[in-house]
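Structural description and commentary
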Amino acid sequence: MTADHVFTALASPARRELLRLLLQEGPQPAGRLAERFDMSRPSVSEHLKVLRDAGLVAEARKGRERHYHLEAEPLMEIRDWLTPYERFWREKLAGLSSLLDEMEEDDG
(Lines give C-alpha, C1' and ligand atoms only; values in the text may rest on other atoms or scores of the structure.)
Protein backbone atom coordinates (compact mmCIF):
# COMPACT_ATOMS: atom_id res chain seq x y z
CA MET A 1 0.00 0.00 0.00
CA THR A 2 1.13 3.51 -0.66
CA ALA A 3 1.11 6.37 1.79
CA ASP A 4 -1.52 8.03 -0.42
CA HIS A 5 -3.94 5.16 0.25
CA VAL A 6 -3.33 5.44 3.98
CA PHE A 7 -3.78 9.22 4.03
CA THR A 8 -6.98 8.89 1.99
CA ALA A 9 -8.30 6.31 4.43
CA LEU A 10 -7.40 8.48 7.42
CA ALA A 11 -9.11 11.54 5.90
CA SER A 12 -12.53 10.35 7.08
CA PRO A 13 -13.54 10.96 10.73
CA ALA A 14 -15.67 7.79 10.61
CA ARG A 15 -12.70 5.69 9.53
CA ARG A 16 -10.47 7.24 12.21
CA GLU A 17 -13.16 6.38 14.77
CA LEU A 18 -13.27 2.78 13.50
CA LEU A 19 -9.51 2.56 13.98
CA ARG A 20 -9.80 4.03 17.47
CA LEU A 21 -12.46 1.47 18.42
CA LEU A 22 -10.32 -1.40 17.13
CA LEU A 23 -7.28 -0.05 18.95
CA GLN A 24 -9.03 0.46 22.28
CA GLU A 25 -11.50 -2.41 22.26
CA GLY A 26 -9.72 -4.99 20.12
CA PRO A 27 -10.99 -7.11 17.25
CA GLN A 28 -14.74 -7.20 16.76
CA PRO A 29 -17.40 -8.13 14.24
CA ALA A 30 -18.58 -5.62 11.65
CA GLY A 31 -22.08 -5.62 13.16
CA ARG A 32 -20.85 -4.51 16.57
CA LEU A 33 -18.79 -1.76 14.97
CA ALA A 34 -21.77 -0.62 12.90
CA GLU A 35 -23.91 -0.28 16.04
CA ARG A 36 -21.59 2.52 17.19
CA PHE A 37 -22.37 4.77 14.22
CA ASP A 38 -25.32 6.80 13.10
CA MET A 39 -25.15 5.42 9.56
CA SER A 40 -26.32 2.33 7.76
CA ARG A 41 -24.44 -0.92 8.16
CA PRO A 42 -23.54 -0.95 4.42
CA SER A 43 -21.97 2.50 4.87
CA VAL A 44 -19.86 1.24 7.78
CA SER A 45 -18.91 -1.79 5.68
CA GLU A 46 -17.75 0.53 2.91
CA HIS A 47 -15.57 2.44 5.39
CA LEU A 48 -14.12 -0.87 6.61
CA LYS A 49 -13.39 -1.83 2.99
CA VAL A 50 -11.43 1.42 2.47
CA LEU A 51 -9.46 0.71 5.66
CA ARG A 52 -8.84 -2.88 4.54
CA ASP A 53 -7.72 -1.75 1.07
CA ALA A 54 -5.27 0.66 2.73
CA GLY A 55 -3.89 -2.18 4.87
CA LEU A 56 -5.08 -0.57 8.12
CA VAL A 57 -7.45 -3.37 9.12
CA ALA A 58 -7.69 -7.04 8.34
CA GLU A 59 -10.74 -9.25 8.43
CA ALA A 60 -11.27 -12.84 9.41
CA ARG A 61 -14.44 -14.79 8.85
CA LYS A 62 -15.94 -16.51 11.86
CA GLY A 63 -19.01 -18.33 10.71
CA ARG A 64 -21.20 -15.78 8.97
CA GLU A 65 -19.53 -12.81 10.66
CA ARG A 66 -16.55 -10.79 9.55
CA HIS A 67 -14.30 -9.81 12.43
CA TYR A 68 -11.96 -6.87 11.98
CA HIS A 69 -8.69 -6.09 13.70
CA LEU A 70 -6.20 -3.23 13.47
CA GLU A 71 -3.08 -3.55 11.35
CA ALA A 72 -0.64 -0.93 12.63
CA GLU A 73 2.20 -1.36 10.13
CA PRO A 74 0.93 1.30 7.66
CA LEU A 75 0.64 3.75 10.54
CA MET A 76 4.28 3.11 11.43
CA GLU A 77 5.25 3.94 7.85
CA ILE A 78 3.31 7.23 8.10
CA ARG A 79 5.00 7.96 11.43
CA ASP A 80 8.38 7.41 9.81
CA TRP A 81 7.40 9.76 6.98
CA LEU A 82 6.29 12.45 9.46
CA THR A 83 9.40 12.24 11.69
CA PRO A 84 11.45 14.88 9.80
CA TYR A 85 8.53 17.30 10.06
CA GLU A 86 8.24 16.66 13.78
CA ARG A 87 11.93 17.49 14.17
CA PHE A 88 11.41 20.68 12.14
CA TRP A 89 8.61 21.86 14.44
CA ARG A 90 10.48 20.91 17.60
CA GLU A 91 13.40 23.06 16.50
CA LYS A 92 11.06 25.96 15.67
CA LEU A 93 9.34 25.68 19.05
CA ALA A 94 12.66 25.47 20.87
CA GLY A 95 13.75 28.64 19.09
CA LEU A 96 10.51 30.37 20.09
CA SER A 97 11.00 29.26 23.69
CA SER A 98 14.53 30.69 23.71
CA LEU A 99 13.30 33.97 22.26
CA LEU A 100 10.56 34.24 24.89
CA ASP A 101 13.10 33.52 27.64
CA GLU A 102 15.36 36.30 26.30
CA MET A 103 12.44 38.73 26.12
CA GLU A 104 11.49 37.89 29.71
CA GLU A 105 15.07 38.50 30.87
CA ASP A 106 15.12 41.87 29.07
CA ASP A 107 11.87 42.90 30.76
CA GLY A 108 13.02 41.76 34.19
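Residues numbered from 1 in each chain as written. Predicted model: local features only at pLDDT ≥ 70, side-chain atom pairs only at ≥ 80, totals over all residues. Heavy atoms only, no water.

For the structure shown, the criterion picks out seven salt bridges. A salt bridge links Arg79 to Asp80; the nearest nitrogen and oxygen atoms lie 2.9 Å apart. One continuous salt-bridge network, built from bridges that share partners, spans Arg52, Glu59 and Arg66. (Salt bridge = Lys/Arg side-chain N within 4 Å of Asp/Glu carboxyl O.)

Structurally, Leu21 is set in helix H2 (residues 13-25). Owing to a relative accessible area of 1%, Leu21 belongs among the buried residues under this scheme. Linking Leu21 and Arg52, residues 31 residues apart in sequence, is a C-alpha distance of 15 Å. (Helix = DSSP H or I, 4+ residues; strand = E, 2+ residues; numbered from the N terminus. Buried < 20%, exposed > 50% of the residue type's maximum accessible area, 1.4 Å probe, protein only.)

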